[in-house]
Amino acid sequence: MMKKRSISASKASLVLFLCQMISALDVPLDSKLLEELSQPPTITQQSPKDYIVDPRENIVIQCEAKGKPPPSFSWTRNGTHFDIDKDAQVTMKPNSGTLVINIMNGGKAEAYEGVYQCTARNERGAAISNNIVIRPSRSPLWTKEKLEPNQVREGDSLVLHCRPPVGLPPPIIFWMDNAFQRLPQSERVSQGLNGDLYFSNVQPEDTREDYICYARFNHTQTIQQKQPISVKVFSMDSLNDTIAANLSDTDIYGAKPVTERQPILLTPTGSTSTKVELRGNVLLLECIAAGLPTPVIRWIKEGGELPVNRTFFENFKKTLKIIDVSEADSGNYKCIARNMLGSVHHVISVTVKAAPYWITAPRNLVLSPGEDGTLICRANGNPKPNISWFANGVPIAIAPEDPSRKVDGDTIIFSHVQERSSAVYQCNASNEYGYLLANAFVNVLAEPPRVLTPANKLYQVIADSPALLDCAYFGSPKPEIEWFKGVKGSILRGNEYVFHDNGTLEIPVAQKDSTGTYTCVARNELGKVQNEVRLEVKDPTMIIKQPEYKVIQRYGQVSFECIIKHDSTLLPTVIWLKDNDELPDDERFLVGKDNLTIMNVTDKDDGTYTCIVNTTLDSVSASAVLTVVAAPPTPAIIYARPNPPFDLELTGQLERSVELSWIPGDENNSPIKNFVIEYEDGLHEPGVWHYQTEVPGTQTTVQLKLSPYVNYSFRVIAVNEIGRSQPSEPSEQYLTKSANPDENPSNVQGIGSEPDNLVITWESLKGFQSNGPGLQYKVSWRQKDVDDEWTSVIVANVSKYIVSGTPTFVPYEIKVQALNDLGYAPEPSEVIGHSGEDLPMVAPGNVQVHVINSTLAKVHWDPVPLKTVRGHLQGYKVYYWKVQSLSRRSRRHVEKKILTFRGNKTFGMLPGLEPYSSYKLNVRVVNGKGEGPASPDKVFKTPEGVPSSPSFLKITNPTLDSLTLEWGSPTHPNGVLTSYILKFQPINNTHELGPLVEIRIPANESSLILKNLNYSTRYKFYFNAQTSVGSGSQITEEAVTIMDEAMASRQIDIATQGWFIGLMCAVALLILILLIVCFIRRNKGGKYPVKEKEDAHADPEIQPMKEDDGTFGEYSDAEDHKPLKKGSRTPSDRTVKKEDSDDSLVDYGEGVNGQFNEDGSFIGQYSGKKEKEPAEGNESSEAPSPVNAMNSFV
């Protein structure tokens, strides 16, 4: 039986369908395959048959098709070819048949009304679209009309006619007032299907002048408004008054009150009418009645029931609505209008006709050469539709003949088709109510087999469930499929397998032994192809300990267990639900690995809890109910550490594991957070307890891993927020059986201590790691790449073994294996060690020095052969030392410097060299034992550099116009001195610097007399030395020329006279006596009542400190009375303007700290400081002089 598959156009670039013939091919939905196969055109998208367009926008008529090769497109309009190239307003989209008619740039939609049809064609046939009728929408204005006011008597019926303009499509009608509010409708007032507004009876409140009918044309989004209609309702009282005033000669109305009336139908009129509706449409039947009181409408179907689920009543039951009508809905429908005075009815005879609809639409047919097939086109309708066939858009009667086809009414029969039989056939089913058009192609293909399932695709299933292994294929003729297990296995047959027509192999009940590789083979007369897939069968997921029913007191703690067992290759996820919904977002709910704990249980926690375990392949679940009961009243809560657990029990004793269970002690009002399990090894370390593991406080059993040959005892400690409980009583002892060691010693190393030995060390196993009595170690070694056999020795109670007589520094393979009385541990891993090192044998060669500058050099050497290192190469050491300075030709104590360069480097940098010096160096290789021999000394010289500053600069013998300068040569000339540079400049009273004078002095000079200087002037001097490389750092001094010769001599005489010295001593002695007397009087002053006198006669010169600024009385601002500070010889403004000189005195420190030499000359010592400090006191602005200098010392 042929397979059917519906494939949407959006899912693949080409869409092929199956037909109903046994021999027809199924083309799988594979994009790569579909791209390679030839295919006739298929219409995939087109505009609707009745296409109403907006006349203000461009017209887009859709026509999309697919095929291989891609189809070309053409159009007809009103049955004739539509040449779009001749119409500038019409374009066709690239790679598409969609037309775009440009209306927005001058075109008129009315000019393009008509019937359009699209044809998509390639070398295998032509497909055609429906006839697309293009009509522009219309929203005409209301015709001008004169509306007379409606004057109605209260209780009468009224119809307000809308009569909207005829539009395309028809408008939507609604009634509103001037305020754009919808008019209220009810059983009494409602709008009919034709848009008129019906009043079953009018009331005074219906009087208004703004009944307005609106017509909304949705297609153009416009609304047209009818002129307002006026309605005035006259009550009987007001009507009688009017009659009395104006119609006194008649009593037509005067005697008639508002009377009740039985129903009459406003629409439809008469007692019967007919209605024709099409199958599938909505049937709308309407009855609106007049009467007072307002009639009620009821609907029945004569001789039957109204259809259930498709019948609806609208407009206050005045409209009967039946959706999706069929021929069975034909018949007589009666509406009955009734009030208390009577009733009226109307019968509507409904006939349901049908436009054509498909019973069997033709399907695309893919055949192999020589095969047979059929296209079937069956449709129904009322009246019954006519069937006509087309081939490639041409009536089949005049289409090119094809001997392989035969038309038989609604069926085309194909026999022994060939590739030239490929074509697109159209079936048209039509009657007076419409038509259906379907394209179906016949595609004749000859293709070798292809397997579309990816190679080596992995399938995973759970044991005892079905396994479906795909072998999607295609070929023409249709291939035969065979399955094999394994690459060279036999063909699969038998009841344990199911072979599906689409190539799928089904194993109804897969077992673990079903795992393996399966091969499917597809073959037809054009070839054979095979593909392998893999199947893995997994163990099912099981809940081995399910949650159990629990009853818990309010505010207690409860735990549900959910312990699972699953396939080791699957990753399970555990989800807990409460009453089949997510757990509350509450921190009281604690989800553990295999349990759910609820803390501080409340009544709302009552319910069913479900544990769901999911893997990628299966899912299992289990549930339990929690019942919360009231807790008994409790005394005041006392919190304490938990009581120790008790009743420790060992069960399930195995060689390497045991299960420990216990009963928790009292929590003492603080929930237990966790349990700590400790163990004692009574065999190796009796009395010493070791940490084993810990588990959550909700768990009272634990599976413990054990080691062989250990006499275990266990104890449990409970922990809560308060602290740890006392340990429980120890469990019974459990001695595990002896076994081979599980592990070998760690940290195995081989390092020689002497050139002819190898010391093998390791970390011994601990007692419980021995796994049995008689722990020993098998130490094995062999020289790497030399020995084939291992040399071994067995030792005990040691962690070191020395192998003697080894070659110097050769690699050894080493391993240490543990063993006991029961056997050996697993084979240990090998490590590489080395026998002992010896000093290197040779020195580095080809030592070269490249001098980079006066203080830096780079040394190169050739590495020594590794064999001569005789150890681990640690690096190279460079020894270097200064032999002599080339400028002084004097030797000094030799201080050798050492630089170490790690690794196998062949160069290094020597920093910090002294310029213009002679150096020597040598290089030595270093290993773990020490240094090798030194290379021959290499001599190198550093070039000249700039000198250091002169060793000193003295300024002596000041006169009126001259100063004498003396200096010492630089401590480090760093080359041959070429000259000295002296710069100086005067400093005026405001510390401003004058012009700078520069003098170059020969290098062999050590003093200079500067003449023609200004008298009583301070000068600043800058002095430095030069070599051929450049100038060195400078030294700076300051000095002052004297004012006159007499002042200088007077200064010297006074300072050296004996009477002056005696006077100074007398003054000092007098001051000392006065201080002693004041001290004595101060100590005795406390014995006399002078405090009262002091308070009464306060000294007016003693003023209090001002509270606001901390100054003393009226003297705080009197600058003229401030005492001079001792040693002040600088102006009050000591700053030198920065803009005048960047090298001012202020930049370098506190000014001049002056003193006199024995000959009276002034020496200014430059301090080198750079902070700017403010001057203190009221300092003199006079130039310094010997007299001022004297005053500073008094």
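(A) Spotlight on the overall build of the protein chain. Helix and strand counts for the protein chain come out as eight helices and 87 strands. The buried share of the protein chain, taken over its 1194 residues, is 41%. Counting only contacts in the protein chain whose residues sit at least 6 apart along the sequence, the fraction spanning at least 24 positions is 64%. Entry remark: accessible area of the protein chain is about 65,300 Å², with carbon and sulfur atoms responsible for 51%.

(B) Region of interest: the state of the cysteines. Within the structure shown, the criterion is met by six disulfides. Between the sulfur of Cys-287 and that of Cys-335 lies a disulfide, 1.8 Å long from S to S. One disulfide, between Cys-287 and Cys-335, carries an S-S torsion of -70 degrees and so falls in the left-handed class. You can see Cys-287 sitting in the loop between β22 (283-286) and β23 (288-292) and its partner Cys-335 sitting in strand β27 (residues 331-339), a full 48 residues away along the chain. Both residues of the pair, Cys-287 and Cys-335, count as buried. One disulfide bridge connects Cys-471 with Cys-520, the sulfur atoms lying 2.1 Å from each other. One disulfide, between Cys-471 and Cys-520, carries an S-S torsion of 65 degrees and so falls in the right-handed class. With a gap of 49 residues between them, Cys-471 in the loop between β40 (467-469) and β41 (473-476) and Cys-520 in strand β45 (residues 516-524) connect regions that are remote in the sequence. Side by side, Cys-471 and Cys-520 carry an identical accessibility label, which is buried. The connectivity of the disulfides in the protein chain is 1-2, 3-4, 5-6, 7-8, 9-10, 11-12, where the numbers refer to bonded cysteines in sequence order.

(C) Main features of the confidence of the model for the protein chain. Across the protein chain, the average pLDDT comes to 84, with 84% of residues at 70 or higher. pLDDT under 50 marks residues 1048-1052. Its contacts with residues more than four places away, or in other chains, come to five contacts. Confidence drops under pLDDT 50 across residues 1086-1194; counting only partners more than four residues distant or on other chains, this segment forms 131 contacts.

(D) Highlighting the packing of aromatic side chains. Taken as a whole and judged by the stated rule, the model has 21 aromatic pairs. For the ring pair Phe-174 and Tyr-214, a centre distance of 5.7 Å and an interplane angle of 10 degrees mean the geometry is stacked. Of this pair, Phe-174 sits in strand β14 (residues 172-176) while Tyr-214 sits in strand β17 (residues 208-217), and the two are 40 residues apart along the sequence. What makes Phe-174 buried here is its relative accessible area of 6%. Among the residues examined, Tyr-214 registers a relative accessible area of 4% and is labelled buried. Taken together, Phe-174, Phe-180 and Tyr-214 form an aromatic cluster joined through their ring pairs. One residue, Arg-208, lies across the ring of Tyr-211, its end atom 5.7 Å from the ring centre. Across from the ring centre of Phe-560, 5.4 Å away, lies the NZ or CZ of Lys-550, which sits over that ring.

(E) Seen up close, the sheet that holds strand β76 (residues 907-910). In space, the three strands of this open sheet follow the order β72-β73-β76, with antiparallel pairing throughout. If you trace the sheet from one side to the other, it starts and ends with β72 (845-853) and β76, each paired once. Neighbour-to-neighbour, the strand axes of this sheet turn through a mean angle of 20 degrees, independent of strand direction. Where β72 meets strand β73 (residues 856-862), six bridges bridge the pair, whose relative direction is antiparallel. For Val-849, the partnering residue across the bridge sits in β73 and is Val-859.

(F) Just the pairing of β73, in detail. Only one face of β73 is covered, namely the face carrying Ala-857, Val-859 and Trp-861; the face carrying Leu-856, Lys-858, His-860 and Asp-862 is uncovered. Between β72 and β73, which pair antiparallel one after the other, the connecting turn spans two residues. In this sheet, β76 lies alongside β73 in antiparallel orientation, the contact comprising four bridges. For Val-859, the partnering residue across the bridge sits in β76 and is Gly-908.

(G) Spotlight on the pattern of salt bridges. This model, assessed by the stated rule, comprises 37 salt bridges. In this structure, Arg-188 and Asp-206 form a salt bridge, with 2.6 Å as the shortest nitrogen-oxygen distance. Here Arg-188 is found in the loop between β14 and β15 (189-191), whereas its partner Asp-206 is found in the loop between β16 (197-199) and β17, with 18 residues between them in sequence. Two residues, Lys-538 and Glu-536, come together in a salt bridge whose shortest N-O distance is 3.0 Å. Residue classification places Lys-538 among the buried positions, given a relative accessible area of 8%. The partly exposed category is assigned to Glu-536, whose relative accessible area is 21%. Here the salt bridges do not stand alone but share partners, grouping Arg-153, Asp-156 and Arg-261 into one network.

(H) Representation of the sheet that holds strand β74 (residues 875-885) within the structure. As summarised here, the arrangement of the four strands in space is β75-β74-β77-β78, forming an open sheet in which the pairing is antiparallel. With partners counted over all chains shown, the strands left at the sheet margins are β75 (897-902) and β78 (938-941), one partner each. Each adjacent strand pair in this sheet contributes to an overall mean axis angle of 25 degrees, direction not counted. With four bridges connecting them, strand β77 (residues 917-926) and β78 associate as antiparallel partners. Counterpart to Ser-918 in the pairing with β78 is Lys-941.

(I) The arrangement of the side chain of Asn-130 in detail. Within the secondary structure, Asn-130 sits in the loop between β10 (125-128) and β11 (132-136). Apart from residues lying up to four places away in sequence, Asn-130 is in contact with Gln-46, Lys-49, Tyr-116, Gln-117, Tyr-435 and Leu-437.

(J) Quick peek at a nonpolar patch on the surface. On the surface, a cluster of nonpolar side chains totalling about 660 Å² of accessible area is made up of Leu-1069, Leu-1072, Ile-1073, Ile-1076, Val-1077, Phe-1079 and Ile-1080. As for its placement among the helices and strands, Ile-1073 is situated in helix α5 (residues 1058-1084).

(K) Examining the pairing of strand β5 (residues 72-77) more closely. What you see with β5 is a clean split: Phe-73, Trp-75 and Arg-77 sit on the buried side and Ser-72, Ser-74 and Thr-76 on the side with no burial. Where β5 meets strand β9 (residues 114-122), six bridges bridge the pair, whose relative direction is antiparallel. Note on β9: the bridge partner recorded for Ser-74 is Thr-119. For β5 and strand β6 (residues 80-81), the ladder comprises two bridges, and the chain directions are antiparallel. When the sheet's bridge partners are listed, Thr-76 is paired in β6 with His-81. Connecting the antiparallel pair β5 and β6 is a turn made up of two residues, with Asn-78 showing a positive phi of about 55 degrees.

What counts and how
Here the residue numbering is sequential within each chain, running from 1 through the sequence in written order. For this predicted model, a pLDDT threshold of at least 70 governs which residues receive local features, and a threshold of 80 or more governs which side-chain atom pairs are given and counted, while totals over whole chains, interfaces and linings are taken from all residues. Calculated side-chain values reflect all of the structure's heavy atoms, with hydrogen atoms and water omitted. In DSSP terms, a helix is any run of H or I states spanning at least four residues, a strand is any run of E spanning at least two, and both are numbered starting from the N terminus. To sort residues, take the accessible area from a 1.4 Å probe on protein chains only and compare it with the maximum for the residue type: under 20% means buried, over 50% means exposed, and anything in between is partly exposed. By definition, residues are in contact when any of their heavy atoms lie within 4.5 Å. For the accessible areas, the method is Shrake-Rupley and the probe is 1.4 Å, while residue cover comes only from the protein chains on display. The rule for a disulfide is simple: a pair of cysteine sulfur atoms within 2.5 Å. By definition, pLDDT measures how confident the predictor is in each residue, and it falls between 0 and 100. Stacked, tilted and edge-to-face pairs are distinguished by plane angle, under 30 degrees for stacked and over 60 for edge-to-face with tilted covering the rest, among Phe, Tyr and Trp rings (Trp via its six-membered ring) whose centres lie within 6.5 Å. Two conditions define a charge located above a ring, namely a distance within 6 Å from the ring centre to NZ of Lys or CZ of Arg, and an angle within 35 degrees of the ring normal. Only strands that DSSP links by at least two bridges are regarded as paired with each other. The axes are straight lines fitted to the C-alpha atoms, using for helices just the contacting stretch, and the angles between their N-to-C directions are given from 0 to 180°. Criterion for a salt bridge: a side-chain nitrogen of Lys or Arg within 4 Å of a carboxyl oxygen of Asp or Glu. Patch members must show over 30% relative accessible area and no salt bridge, and they are joined within 9 Å when carrying like charges or within 5 Å when they are nonpolar side chains of Val, Leu, Ile, Met, Phe, Trp or Tyr.

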